[in-house]
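Structural description and commentary
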Amino acid sequence: MATTKWSLDLSHSELGFKIKHLMISNVTGKFSKFDAEAVTNGDTFADATVVADIDVASINTNNEQRDEHLRNADFFEVGAHPNMRFVSTKVERVDEDTFNLFGDLTIKDTTKPVKLSVEHNGIATDPWGNVKAGFSISGKINRKDWGINYNAALETGGVMLGEELKIQGEVQLVKQA
């Protein structure tokens, strides 16, 4: 079976995250610049290989002061580590439309295995003849596994930031000719 290459349609995709703040609510953010591609056998994603690159400087939490703090050495060190990268290692089918996508996530030159839950939402052809595949992606990582340790103790006990980071994505891929 011939392989098929799929590229990201950034204008119809988003990559976000959520983290506990002050132990009482979640702060959300997103990366506005990222790229991804998948290679499949035919049009089935059951054995896809996926590579994604994220421009860390494109982080946006709707607060420029916080975003600048996230870009500095307390968090992502964008000057030294401008990109994050995910490279898949295995796809495991859960049911007809749901997969576990295993891979290696590199943040700040540290690479660790992760598992993402991927829901394949289908394949459709847009009005211009482009074949697109849609996916919803979710997962959880511990930020400290990648050396993102910044925190502050609260007067009332507890800490300012949770360790668990929830990943959320909505992705459209375009089939390449």
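Procedures and definitions
- Residues numbered from 1 in each chain as written.
- Predicted model: local features only at pLDDT ≥ 70, side-chain atom pairs only at ≥ 80, totals over all residues.
- Heavy atoms only, no water.
- Helix = DSSP H or I, 4+ residues; strand = E, 2+ residues; numbered from the N terminus.
- Rg over C-alpha atoms; globule rule 2.2 N^0.38 Å.
- Buried < 20%, exposed > 50% of the residue type's maximum accessible area, 1.4 Å probe, protein only.
- Areas by Shrake-Rupley, 256 points an atom, 1.4 Å probe, with all protein chains shown as cover.
- Lys, Arg positive; Asp, Glu negative; His and termini not counted.
- Charge placed at Lys NZ, Arg CZ, Asp CG, Glu CD.
- Salt bridge = Lys/Arg side-chain N within 4 Å of Asp/Glu carboxyl O.
- Polar contact = N/O pair within 3.5 Å; in protein donor to acceptor, adjacent residues only side chain to side chain.
- Core = buried A, V, L, I, M, F, W, Y, C linked by side-chain atoms within 4.5 Å.
- Contact = heavy atoms within 4.5 Å.
- Patch = residues over 30% accessible without salt bridge, like charges linked within 9 Å, V, L, I, M, F, W, Y side chains within 5 Å.
- Pairing = 2+ DSSP bridges.

Some remarks on the overall build of the chain
Looking only at helices and strands, the chain features 1 helix and 11 strands. Helices and strands appear in the chain in the N-to-C order β-β-β-β-β-β-α-β-β-β-β-β. Scaling as 2.2 N^0.38, a compact globule of 177 residues should have a C-alpha radius of gyration of about 16 Å, and the chain matches this with 17 Å. For the chain, the spread of C-alpha atoms along the principal axes amounts to about 60 × 30 × 30 Å. Looking at the chain residue by residue over its 177 residues, the buried ones come to 40%. Roughly 9900 Å² of accessible area belongs to the chain as shown, and the carbon and sulfur atoms make up 50% of that amount. Counting 19 positive and 26 negative side-chain charges, the chain places the averaged centre of each group 3 Å from the other.

Describing the side chain of Arg143
With respect to the helices and strands, Arg143 occurs in the loop between β10 (131-142) and β11 (161-175). No salt bridge is formed by the buried Arg143; the nearest opposite charge belongs to Glu163, separated by 6.4 Å. At 3.0 Å, the side chain of Arg143 forms a polar contact with the backbone oxygen of Tyr150.

Re the nonpolar core
Phe31, Phe45, Phe76, Ile107, Ile141 and Leu173 are the most contacted members of the largest nonpolar core, which totals 41 residues. When sequence neighbours within four positions are dropped, the list of residues in contact with Phe31 reads Leu15, Phe17, Ile54, Asp55, Val56, Ser58, Ile59 and Met84.

Re the pattern of salt bridges
Here the structure, examined in full by the defined rule, presents 10 salt bridges. Taking the shortest distance from any N to any O, the salt bridge between Asp9 and Lys132 comes out at 2.5 Å. Of this pair, Asp9 sits in the loop between β1 (3-8) and β2 (14-21) while Lys132 sits in strand β10, placing them 123 residues apart in sequence. Connected through shared salt-bridge partners, Asp9, Asp126 and Lys132 make up one network.

Points about the environment of Lys108
Topologically, Lys108 is positioned in the loop between β8 (98-107) and β9 (110-125). Once residues lying within four places of it in the same chain are set aside, the contact partners of Lys108 are Ala73, Phe75, Phe76, Glu77, His81, Trp146, Gly147 and Ile148. Within the local environment of Lys108, its side chain forms a polar contact with the backbone oxygen of Phe75, the two atoms lying 2.9 Å apart.

Brief notes about the side chain of Thr98
Tracing the backbone shows Thr98 in strand β8. Once residues within four sequence positions are removed from consideration, Thr98 is found in contact with Glu92, Arg93, Ser117, Val118 and Glu119.

Observations regarding a negative patch on the surface
Judged by side-chain charge, Glu14, Asp95, Asp97, Glu119 and Glu170 come together as a negatively charged surface patch. Positionally, Glu14 belongs in strand β2. With a relative accessible area of 49%, Glu14 lands in the partly exposed category.

With respect to the pairing of strand β4 (residues 34-41)
Here β4 shows a clear split, with Phe34, Ala36, Ala38 and Thr40 buried on one side and none of Asp35, Glu37, Val39 and Asn41 buried on the other. Of the strand pairs in this sheet, β4 and strand β5 (residues 44-55) are connected by 7 bridges, and their pairing is antiparallel. Across the sheet, Asn41 pairs through a bridge with Thr44, a residue of β5. Here β4 folds back onto β5, and the loop between the two strands holds 2 residues, one of which, Gly42, carries a positive phi near 65°.

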